[in-house]
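Observations on chain architecture
Given next are the chains, with one letter for each unit.
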There are 2 protein chains.
Amino acid sequence: MFSLCMQPSASLKVQREETIGSRGYNYSTRVARNPNLKKLQTNYLFPEILERELKHVEKYPNAKVISLGIGDTTQPLPQPVALSMSNYARALSTPQGYTGYGLEQGNKELRRAIAETIYKDLLVEETEIFVSDGAQCDLSRVQLLLGSNVSIAVQDPSFPGYIDSSVIMGQSGDLKNDSGRYGNIKYMKCNLENDFFPDLSKTERTDVIFFCSPNNPTGHAASRQQLQQLVEFAQVNGSIIVYDAAYSAYISDSSPKSIYEIPGSRKVAIEISSFSKTAGFTGVRLGWTVVPKELFYLNGFPVIHDFNRIICTSFNGASNIAQAGGLACLSPEGFKEVMFKVDYYKENARILVETFTSLGFRVYGGSNAPYVWVHFPGSKSWNVFNWILDKTHIITVPGIGFGPAGEGYIRVSAFGRRENILEASKRLITLLCHTN
Amino acid sequence: MFSLCMQPSASLKVQREETIGSRGYNYSTRVARNPNLKKLQTNYLFPEILERELKHVEKYPNAKVISLGIGDTTQPLPQPVALSMSNYARALSTPQGYTGYGLEQGNKELRRAIAETIYKDLLVEETEIFVSDGAQCDLSRVQLLLGSNVSIAVQDPSFPGYIDSSVIMGQSGDLKNDSGRYGNIKYMKCNLENDFFPDLSKTERTDVIFFCSPNNPTGHAASRQQLQQLVEFAQVNGSIIVYDAAYSAYISDSSPKSIYEIPGSRKVAIEISSFSKTAGFTGVRLGWTVVPKELFYLNGFPVIHDFNRIICTSFNGASNIAQAGGLACLSPEGFKEVMFKVDYYKENARILVETFTSLGFRVYGGSNAPYVWVHFPGSKSWNVFNWILDKTHIITVPGIGFGPAGEGYIRVSAFGRRENILEASKRLITLLCHTN
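Along each chain, the written sequence defines residue order, and numbers are assigned to residues from 1. In the order they appear in the text, chains get letters beginning with A and ligands get numbers beginning with 1. For a predicted model such as this one, the threshold for reporting local features is a pLDDT of at least 70, and the threshold for listing and counting side-chain atom pairs is 80 or more; totals across whole chains, interfaces and linings nevertheless cover every residue. With hydrogens and water set aside, each side-chain value is computed from the structure's full complement of heavy atoms.

**Some thoughts on the packing of aromatic side chains**
Residue and element names in this part refer to chain A. Formally: Working definition: rings of Phe, Tyr and Trp (its six-membered ring) pair if their centres are within 6.5 Å, and the pair is stacked with planes under 30 degrees apart, edge-to-face with planes over 60 apart, and tilted otherwise. A run of H or I in DSSP counts as a helix once it spans at least four residues, and a run of E counts as a strand once it spans at least two, with each numbered from the N terminus. Exposure is judged per residue with a 1.4 Å probe applied to protein chains only, and the accessible area is read against the type maximum: over 50% gives exposed, under 20% gives buried, and values in between give partly exposed.
For the coordinates displayed, the defined rule picks out 46 aromatic pairs over all chains. Ring geometry for F196 and Y364: centres 5.1 Å apart, planes at 55°, overall tilted. Taken together, the residues span a long stretch of sequence, with F196 in the loop between strand 6 (185-189) and strand 7 (208-212) and Y364 in strand 11 (residues 362-365) at a distance of 168 residues. Taken as a pair, F196 and Y364 share a single burial class, namely buried. Each ring, one from Y344 and one from Y345, has its centre 5.7 Å from the other, and the planes form 85°; the classification is edge-to-face.

**Let's talk about unusual backbone geometry**
A cis amide bond links D156 of chain B with the next residue in sequence, P157 of chain B, at an omega value of 10°. The residue P157 of chain B is located in the loop between strand 3 (152-156) and helix 7 (160-169) in this model. Residues N216 of chain B and P217 of chain B are joined by a peptide bond in cis, for which omega reads 25°. Turning to its location among the elements, P217 of chain B is positioned in the loop between strand 7 (208-212) and helix 8 (224-237). With a phi angle near 55°, D195 of chain A is a residue other than glycine that sits in the positive phi range. Even without glycine at this site, D121 of chain B takes up a positive phi of about 70°. As for its placement among the helices and strands, D121 of chain B is situated in the loop between helix 5 (108-117) and strand 2 (129-132).

**A few points about the interface of chain B and chain A**
Definition in use: Any two residues having at least one pair of non-hydrogen atoms within 4.5 Å are treated as being in contact. Accessible area that two parts lose when put together, with a 1.4 Å probe and added across both, is what the buried area reports. By definition, a salt bridge exists where a carboxyl oxygen of Asp or Glu is found within 4 Å of a side-chain nitrogen of Lys or Arg. Whenever two N or O atoms come within 3.5 Å, that pair is a polar contact, provided that in protein one can donate a hydrogen and the other can accept it, and provided that, for residues adjacent in sequence, both atoms are side-chain atoms. Only Asp, Glu, Lys and Arg are considered charged, only Ala, Val, Leu, Ile, Met, Phe, Trp, Tyr, Cys and Pro nonpolar, and every remaining residue, Gly among them, polar.
Facing the 119 residues of chain B at the interface are 119 residues of chain A. Both faces combined, the contact of chain B with chain A buries some 10,100 Å², and carbon together with sulfur accounts for 57% of it. Between chain B and chain A we count 4 salt bridges in total. In this structure, the salt-bridge partner of R309 of chain A is D164 of chain B, at a minimum N-O distance of 3.6 Å. Across the chain B-chain A interface, the total number found is 43 residue pairs in polar contact (both at pLDDT 80 or more). Those elements giving two or more residues to the side of chain B that touches chain A turn out to be helix 1 (17-23), helix 2 (35-39), helix 4 (79-91), helix 6 (135-146), helix 7, helix 8, helix 10 (303-314) and helix 11 (320-329) of chain B. Tallying contributions element by element places helix 10 of chain B first for the side of chain B that touches chain A, with 9 residues. Residues that form the side of chain B that touches chain A fall into these classes: 53 nonpolar, 46 polar and 20 charged.

**Examining the pairing of strand 10 (residues 287-290) of chain B**
Both faces of the sheet carry side chains from a regular strand, because those side chains alternate between them. Residue and element names in this part refer to chain B. Using the following cut-off: We call two strands paired when DSSP finds no fewer than two bridges between them.
Covered by surrounding structure in strand 10 are G287 and T289 together with W288 and V290, the residues of both alternating faces. Bridge count for strand 2 against strand 10 is 4 bridges, and the pairing is antiparallel. Within the sheet, the bridge partner assigned to S132 lies in strand 10 and is G287. The pairing of strand 9 (residues 269-274) with strand 10 spans 4 bridges and is antiparallel. For S273, the partnering residue across the bridge sits in strand 10 and is W288.

**Quick word on empty space enclosed by the protein**
Quick note on the threshold: Buried and open spaces are told apart on a 1 Å grid over the protein atoms alone, a cavity being a set of points where a 1.4 Å probe fits but cannot get out and a pocket being an open set with protein on both sides within 12 Å along at least five of seven lines. Residues with an atom within 4 Å of a point are the lining residues. Grid points are joined across faces, edges and corners, and a volume is the space filled by probe spheres set on the points.
Applying the stated criterion to the full structure yields 6 cavities of 30 Å³ or more. Put simply, the largest cavity is a space of about 120 Å³. Along the walls of the largest cavity sit C137, S140, R141, L144 and S314 of chain A together with C137, S140, R141, L144 and S314 of chain B, which together make up its complete lining. When residues of the lining of the largest cavity are traced back to their parent elements, those giving at least two are helix 6 (135-146) of chain A together with helix 6 of chain B. Taken together, the residues of the lining of the largest cavity sort by class into 4 nonpolar, 4 polar and 2 charged. Counted as a void, the second largest cavity has a volume near 60 Å³. Lining the second largest cavity we find D133, V284, R285, G317, A318, S319 and A322 of chain A together with D133, V284, R285, A318 and S319 of chain B. Class assignment of the residues belonging to the lining of the second largest cavity gives a composition of 5 nonpolar, 3 polar and 4 charged.

**Thoughts on the nonpolar core**
One broad trend across soluble globular proteins is that nonpolar side chains are buried collectively. Put simply, the rule is: What we call a nonpolar core is a set of buried Ala, Val, Leu, Ile, Met, Phe, Trp, Tyr and Cys residues that are connected through their side-chain atoms within 4.5 Å.
Counting 182 residues, the largest nonpolar core has M85, F275 and F281 of chain A together with M85, F275 and F281 of chain B as the members making the most contacts within it. Residues contacting F281 of chain A, with those up to four places away along its chain left out, are L77, V81, M85, F275, S276, L286, A322, G325, G326 and C329 of chain A.

**A few points about the UniProt feature "domain: Aminotransferase class I/classII large" (unreviewed entry) in chain A**
Our working rule: UniProt positions are given in the numbering used here, feature names are shortened, and annotations may be inferred rather than shown by experiment.
UniProt marks residues 64-427 of chain A with the feature "domain: Aminotransferase class I/classII large" (unreviewed entry), using the numbering shown here. Along residues 64-427 of chain A one finds 37% helix and 16% strand; the C-alpha atoms at either end are 11 Å apart.

**Topic: the confidence of the model for chain A**
Predicted coordinates in regions of low pLDDT should not be interpreted in detail. Heads up, the rule is: Residue-level confidence of the predictor is what pLDDT reports, using numbers from 0 through 100.
Averaged over every residue, the pLDDT of chain A is 93; residues scoring 70 or more account for 93%. The low-confidence segment residues 1-23 of chain A, where pLDDT is below 50, has 78 contacts with residues more than four positions distant or belonging to other chains.

**Overview of the pattern of salt bridges**
Scanning all chains against the criterion turns up 37 salt bridges over all chains. One salt-bridge network, in which partners are shared between bridges, spans K108, R112 and E126 of chain A.

**Topic: the relation of the copies chain B and chain A**
Quick note on the threshold: To line up the copies, we fit them by least squares on C-alpha atoms, keeping just the residues with pLDDT of at least 70 in both.
Each copy of the sequence occupies a distinct position, and chain B is placed on chain A by a rotation of 180° and an axial shift of 0.0 Å, giving an RMSD of 0.0 Å. In short, the pair behaves as if placed about a two-fold rotation axis. Minimal C-alpha distance to the rotation axis in chain B is attained by S86 of chain B, lying at 2.0 Å. The fraction of interface residues of chain B whose copies in chain A are also interface residues reaches 100%, indicating that both copies meet through the same surface.

Shown next as structure tokens:
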């Protein structure tokens, strides 16, 4: 799910703390730097990729670089969706069409449409749905809800935002450079040996379990049975699952699209989701979080009341124009068109799976997810990244960037334009087949 | 600045923790409730006002209630601004016009336009500007930046968001019911005796000083001399000022519109601002925060680097459509029209000041701010609120809701439609003059 901070402005490149002194400054405040921020790894994945891309372009100024890296949507919005936002925006200049502050929780019609369209038959009430400006932002607000005293577990590999937001919140210990892991965070390995689903019999209890399905980066959608195990595990341990369903529209088989398909989940799970990767709202910004009324803290206090307070204090509602667009996405006509976009990216994924498979690689994901997870056993993923870039001018993402268990893999994104996906496929087949 | 959580859905009304047990629940997780959220006052101001309004309407079903309560804009957007958003949204359905993830920090053109239009001659660089979805959200991200170990000071009275976000972040002690104040927060009294500016000679050092000018609710714009004192105070103490300039467009006299008009401020101050109360973007959602490169932590680390990291991890950029609107607001034509809207609300404020003055009340604010602060010496502000509502069917805000030093005042918002302001004025003059 989500983007990552991939484009820091040049003048903002993070300096290592120890070099600051030499820059010289003639005055500093007496405010101590937030120790949580100090803990954060200074190098992040996507800026590093960007830097390598820039160096590559310098070396090969005539190369046409194709990015299958960051999961950024490329297909235009469905027309009825764009039109509804366009009309809404224009009406804001009229007395009849103008609206000021909306409800912090999102407008009633949109909450109802999400409940009825996305959670049909799942008993999610509209008042349990909190509309947001996107899943990444909501993740951070969920962290604010949980506070610094909770213990957490994450899938390894996983989207780095779970860990980074936990570190910022003060839930973690220090980074251990030998393992690339933070203290006080349980890493649930998801790899080939366990069908990309954690071995819960070996997983320690934590207060919170961050779980993304279909997973970014592995593309694995947890099966009904696996999710039943997860919910039971949370119930036995009294844990809260923070379930990231941002890619659920990509599920093609019978895997659950929502954690609420699993009986008992309403007592243990929050679900975060988004319009970004389905409707192409990566730039428009719209998502939501579900907090069921049956979810209680140890003392019996309803979690939803605290989340409502967080939303009211730290957020002021998603843009009214974006919300109009969300509503159009959930109309019968809009929804159909949104699903055409999803099908488009799924076809891209199919082409990529076929390409890497034809080259003899073991490929995971891609059928229930817009990400293809390609295995290069025994190789360092940064080396694979460099090799592919050098040979084909194609950007991928090294698996190690998603956690230690991602080593030996690369993630390939299907969010490109078809012509680029086809061109990438051609290059990969032509240029890698001789060297593989 | 900002709205407040004023409309909780009925089913989400916050229950007092002690009553939960009697509701009954058959399962709770083993996750402890975040102790910071437990500290928060359960009754908040605007839901309480809403409740009283509903009761009033029940009692007087035919009364036409006029709200001069919440500071919500009512004037339609300038046409060129709405049109630019409308066109941008429509183009999102074309391959040429579609955009996905933007820069988390905001688009370059908008950052440049803010630097050049708002901070002309003040040496604020575009790379120091972080575009956001509004000032309230940015305040929360600034709190995440600062962490839980800092000591803070706030103006009393002030917008409740500073304190609530501090409590959520874990910066405060418990609420003391006798004083209505939280432990570990320094309340800087701003009242008639000190010209609504804190007596800094009696103010203890804190790491952070939240300061809003023109102030919400008092409407007082700090003078150049006062702000010079504040910056010197911060420099001497090594404090960081978080300066809220959301109402700066309302300044009519020579008071500074930005803290960066004060020499030395770049070393001690962050500034938060917004398009909400100028362009009427309360629903569209757009604001920004400035973090100067000269602002350093005690250890010499630049604050801007950590804020950039927060923005990249906890935020994903403001809506691209809203940003297109922001850019239109800052074009020569757009800016002129935006200032017409500001003038409209300023005329409302003038009418309200005149009204209350003619009734013999002492009135503050209103000339440099869209809020009028009316003094009722010796009265409880909730009683005044009830009295005005009963007599005139007009909603105001009791000053006590903004802090203990707001007792004896009410805040009257000038963000209404002219016809309502005039009708309110008529009612106040007719109905209160006999009883005052």
